[in-house]
Amino acid sequence: MDAPVLDYMRRYKFKKLVLCNDTDVGLRAVIAIHSTALGPATGGTRMWTYASEEEAIMDALRLARGMTYKYAAAGVDMGGGKAVIIGDPKKDKSEALLRAFGRMVDQLGGEFQTGEDVGTTLEDMEVIYSETDHLVTLPEHCGGAGDIAPATALGSVEATRACAARAWGSPELKGRRVALQGLGAVGGNALAMLIEHGAEVVVCDPDEQKVARAVESYGVSSVAPADIYDQDVDVFAPYALGGIINPETIPRLKAKIVAGSANNIFADEERDAAALDARGIIYAVDYVANSGGTILDTDRFRKGGLQRARAMANVRRIFERTEEVFAIADRDRISAYLAANRMAEARIEVLDHVRLLG
């Protein structure tokens, strides 16, 4: 395990990988710190039933690197980090486990700060908050922004509209057919927004109750999760887990656009982005599209504290940032994925230079 992990860390210039264990409460966790160039490494804590410890470690590393680029591209002065807790959030989560994890975070002395993610909630963050101050995402009564899912969904839909403008000359989604994968907190909010924009949506989710509620509430159609890639749609919208755009799924896509909130949608970034380009499929770079929640929950660190109007105006600018990615891609004749990286890296380089001069 050591060689590929350390090679990956060296290749992408990671700072630190922390393995956490508390046998008494059943805690097994990974904290990955990619960069602190713009500020403290920041990223959510995910709890998931990983098939192996190696899979959990690589997920944390990939997600942490994505957070560096997400914050840089969004204009937020934070570095990139991520944590994963190995376990079933429905069975293994406990107050003792969360508090033990909070103590692990606290031992890093502010180098890493965290928030909710897949498998964790605002209530969980409040428990962790009892052991450490180093949290970003918190309930409003703890001084945080509260639920950030609507902001994440809004930004992802704005990125989708920017893709539509590139594909068809108009950002309007009325009458466009969308295959939405995942009806979690963000996907559920995105569904409502897509319906409001007049889109025709087909949904899937492993949770049949979520699917039933969506069908009843919005009159959408549904398919089994395995069939979502094969739908005759204009937009494929990934709102679940990552790695779903890969050599097995790309040939099945009939959509002109891929845009949603899922992190790390490519199984292999360079290979799979190139495959979409080869097929003429326009895609929203994930860490640009899904940055709305991070924009909202970090606004309280800006001058004047949390100002929702300011934060949401910045979330809506994800439309413009997505257009900026396309402009760089066209100018430099590179993929949108590489263009977004170039945009983020330019900001990191400028601020690094400014701080060295300061």
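Everything discussed here concerns the structure shown above.
In what follows, the accompanying structure is described. The structure presented is a predicted model; accordingly, all values stated were derived computationally and were not measured.

Each helix and strand in the protein chain was counted, giving 13 helices and 12 strands. Taking the principal axes of its C-alpha atoms as reference, the protein chain extends roughly 50 × 50 × 45 Å. Looking at the protein chain residue by residue over its 358 residues, the buried ones come to 54%. Here the contacts in the protein chain between residues at least 6 apart in sequence split such that 65% fall between residues at least 24 apart. Within the structure as shown, the protein chain displays about 15500 Å² of accessible surface, and the carbon and sulfur contribution to it stands at 49%. Seen as two clouds, the 41 positive and the 52 negative side-chain charges of the protein chain have centres 5 Å apart.

Note on placement: arginine 279 falls in the loop between α8 (269-278) and β12 (282-283). Linking arginine 279 and proline 251, residues 28 residues apart in sequence, is a C-alpha distance of 9.0 Å. Sequence-distant contacts of arginine 279, that is, excluding residues within four places in its chain, are made with Ile250, Pro251, Arg252 and Leu253. Reaching out from arginine 279, the side chain makes a polar contact with the backbone oxygen of isoleucine 250 at a distance of 2.3 Å.

Moving on, we get to the packing of helix α5 (residues 149-168) against helix α6 (residues 185-196). Packing of α5 against α6 brings their axes to within 8 Å, and their N-to-C directions diverge by 50°. Relative to α6, the element α5 is oriented oblique. The interaxial crossing formed by α5 with α6 has right-handed handedness. Along its contact with α5, which presents Ala149, Pro150, Thr152, Ala153, Leu154 and Val157, the element α6 presents Ala185, Val186, Asn189, Ala190, Met193 and Leu194. Split by residue class, the contact of α5 with α6 holds 10 nonpolar, two polar and no charged.

So, about the pairing of strand β5 (residues 79-86). Counting buried residues in β5 gives eight out of eight residues, a clear majority hidden from the surface. Going residue by residue along β5, you find Gly79, Gly81, Ala83 and Ile85 tucked away on one face and Gly80, Lys82, Val84 and Ile86 tucked away on the opposite face as well. Strand direction decides the pairing type here: strand β2 (residues 27-35) and β5, joined by six bridges, are antiparallel. Paired with alanine 32 across the strands is lysine 82, a residue of β5. Bridge count for strand β3 (residues 41-42) against β5 is two bridges, and the pairing is parallel. Following the sheet pairing, alanine 41 is matched in β5 by glycine 79. Strand direction decides the pairing type here: strand β4 (residues 45-48) and β5, joined by four bridges, are parallel. Counted as the bridge partner of tryptophan 48 is isoleucine 86 from β5.

This brings us to the nonpolar core. By size, the foremost hydrophobic cluster in this structure holds 81 residues, and its most contacted members are Val201, Val203, Phe236, Ile245, Val258, Leu276 and Tyr283. Element by element, the count of residues in this core is highest for α5, at eight residues. Core analysis: the next-biggest nonpolar cluster, separate from the first, contains 22 residues, Met47, Leu97, Ala100 and Ile128 among them.

Across the sheet, which stays open at both edges, the six strands sit in the order β9-β8-β7-β10-β11-β12 with parallel pairing between neighbours. Either end of the sheet is taken by a strand with one partner, and the two such strands are β9 (221-222) and β12.

For phenylalanine 14, the position within the fold is in the loop between α1 (2-11) and β1 (16-22). For the pair phenylalanine 14 and valine 220, spaced 206 residues apart in sequence, the C-alpha to C-alpha distance is 43 Å. Sequence-distant contacts of phenylalanine 14, defined by excluding residues within four places in its chain, comprise Tyr8, Met9, Ile33, His34, Leu61, Ala64 and Arg65.

Along its 15 residues, helix α12 (residues 318-332) runs 21 Å from first to last C-alpha, staying within 8% of the 21 Å computed at 1.5 Å per residue. Residues of α12 that are buried include every one of Ile318, Phe319, Arg321, Thr322, Val325, Phe326, Ile328 and Ala329, and no others. Phi for arginine 333, located one or two positions after α12, is positive at around 55°.

With that settled, the discussion passes to the side chain of aspartate 234. Within the secondary structure, aspartate 234 sits in the loop between β9 and β10 (235-238). Beyond its immediate stretch of four places on either side in the chain, aspartate 234 contacts Trp168, Gly175, Arg176, Arg177, Ala255, Lys256 and Ile257.

Here we take up the state of the cysteines. Tallied over the entire structure, the rule returns zero disulfides. This cysteine, cysteine 204, is not joined by any disulfide, and cysteine 163 carries the nearest cysteine sulfur, 19 Å off.

Over its 22 residues, helix α2 (residues 53-74) runs 31 Å from end to end, which matches the ideal 32 Å to within 8%, given 1.5 Å per residue. With 17 of 22 residues buried, α2 lies mostly within the body of the structure. Positive phi appears at glycine 75, one or two residues downstream of α2, with a value of about 80°.

Aromatic rings in a pair are described by how distant their centres are and how their planes are angled relative to each other. According to the stated counting rule, one finds five aromatic pairs in the structure shown. For the pair phenylalanine 266 and tyrosine 283, a centre-to-centre distance of 5.4 Å together with 90° between the ring planes defines the contact as edge-to-face. Of the two residues, phenylalanine 266 sits in the loop between β11 (257-258) and α8 while tyrosine 283 sits in strand β12, which places them 17 residues apart along the sequence. For the pair phenylalanine 266 and tyrosine 283, a shared accessibility class is recorded, and that class is buried. In this structure, arginine 176 is placed above the aromatic ring of tryptophan 168, and the distance from its NZ or CZ to the ring centre is 3.8 Å.

Each value, and the rule that gives it
- Residues numbered from 1 in each chain as written.
- Predicted model: local features only at pLDDT ≥ 70, side-chain atom pairs only at ≥ 80, totals over all residues.
- Heavy atoms only, no water.
- Helix = DSSP H or I, 4+ residues; strand = E, 2+ residues; numbered from the N terminus.
- Buried < 20%, exposed > 50% of the residue type's maximum accessible area, 1.4 Å probe, protein only.
- Contact = heavy atoms within 4.5 Å.
- Areas by Shrake-Rupley, 256 points an atom, 1.4 Å probe, with all protein chains shown as cover.
- Lys, Arg positive; Asp, Glu negative; His and termini not counted.
- Charge placed at Lys NZ, Arg CZ, Asp CG, Glu CD.
- Polar contact = N/O pair within 3.5 Å; in protein donor to acceptor, adjacent residues only side chain to side chain.
- Axes fitted to C-alpha atoms, helices over the stretch in contact; angles between N-to-C directions.
- Parallel < 35°, antiparallel > 145°, perpendicular 65-115°, else oblique.
- Left-handed = near helix turned anticlockwise from the far one by under 90°.
- Nonpolar A, V, L, I, M, F, W, Y, C, P; charged D, E, K, R; others polar.
- Pairing = 2+ DSSP bridges.
- Core = buried A, V, L, I, M, F, W, Y, C linked by side-chain atoms within 4.5 Å.
- Expected span 1.5 Å × (residues − 1).
- Disulfide = S-S within 2.5 Å.
- Phe/Tyr/Trp six-rings, centres within 6.5 Å; stacked < 30°, edge-to-face > 60°.
- Lys NZ or Arg CZ within 6 Å of the ring centre and 35° of its normal.

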